[in-house]
Amino acid sequence: TLKDENSQIPAVIWRNSVKLDFDLQDGLAVNCTGKVTVYPAQGRLQVVINKISPAGEGLLQKKFLELKKKLEAEGLFSTERKRKLPFLPKAVGVVTSDKGAVIKDIMVKIHERLPSMNVYLAPVRVQGKGSAEEIVEGIKILNSSNLVDVIIVGRGGGSLEDLWSFNEEIVVRAVFASAIPIVSAVGHETDVSLSDLAAAVRAPTPPAAAEMVVPKRKELEFRIEELYRRPVSVCSNFEPF
């Protein structure tokens, strides 16, 4: 059944006349061409489809799955190649927009946990034409800066189309190739981008990414106190130089 916001019409696809290279699912947006006919047995108006392809998010979803399969085969999502995040970074790099709530939320969360932590922002567009190239350049700049040893890459929530820059092949490859471990924080918890899969760590939200890269000050103080109180064994039979 083909539907829009206001109406619907039954449709038929004959197995031998239409080649499907994607899976039809309820709710999928499609572009169709066909011929309107009447099904005599029921006197029912219907469309006999002779061509059908995904449209809108359906087309993007198809592209997403194809690229995911390609990059997965190359090993870009392999868990064995992921690196651990530093326990206490010297500074944090962030690749996101300098406008909006994301950078503010990250800054608030980092300085709640460790007020002395330095944060370096590579401001980029996170949506629209040219945004993928800017994200790649932001990752490269922070890698060559020698200022940070962990990077957060991300943006706030949106549709698959809104988040698409983080599914672009050049961005996914830049995340994978980064010499500095990257935490990918794209969208909300239910959103999964290809950059998430290539990153060292995926965070469900940008504020959660901030929590992952910076320990709490009180936890650090407790750990230092614990180490300070730990007894140390000293070798007594050393010879002086």
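Shown above is the structure to which this text applies.
What counts as what
Residues numbered from 1 in each chain as written. Predicted model: local features only at pLDDT ≥ 70, side-chain atom pairs only at ≥ 80, totals over all residues. Heavy atoms only, no water. Core = buried A, V, L, I, M, F, W, Y, C linked by side-chain atoms within 4.5 Å. Buried < 20%, exposed > 50% of the residue type's maximum accessible area, 1.4 Å probe, protein only. Helix = DSSP H or I, 4+ residues; strand = E, 2+ residues; numbered from the N terminus. Contact = heavy atoms within 4.5 Å. Salt bridge = Lys/Arg side-chain N within 4 Å of Asp/Glu carboxyl O.

A.B. asks: What is the right way to read the nonpolar core from this model?
C.D. replies: As a rule of thumb, soluble globular proteins bury nonpolar side chains together. Formed by 33 residues in total, the largest nonpolar core has its most connected members in V95, I135, I139, I151 and V153. Looking at this core, the elements that each hand over two or more residues are α1 (57-73), β6 (91-96), α3 (131-145), β8 (151-155), α4 (169-177), β9 (182-186) and α5 (194-198). Among the elements that take part in this core, α3 stands out by supplying five residues, more than any other. Setting aside its immediate chain neighbours within four residues, V95 contacts A122, V124, I135, G138, I139, L142, I151, I152, V153 and G154.

A.B. asks: Please clarify how unusual backbone geometry should be interpreted in this entry.
C.D. replies: Notably, N146 is not glycine yet its phi reads approximately 60 degrees, a positive angle. Position of N146 among the secondary structure elements: in the loop between α3 and β8.

A.B. asks: I keep staring at the pattern of salt bridges and nothing clicks. Help me out?
C.D. replies: Side chains that carry opposite charge are capable of pairing whenever their charged atoms lie near each other. By the definition in use, this model includes nine salt bridges. The partner of E66 in a salt bridge is K62, and the shortest N-O contact between them spans 2.8 Å. Residue E66 and its partner K62 are both found in helix α1; the two are separated by four residues, about one turn of the helix. On the accessibility criterion, E66 (44% relative accessible area) is partly exposed. A salt bridge links R202 to D196; the shortest N-O distance between them is 3.3 Å. Beyond isolated ion pairs, a larger network of salt bridges with shared partners links K70, E74, E169 and R173.

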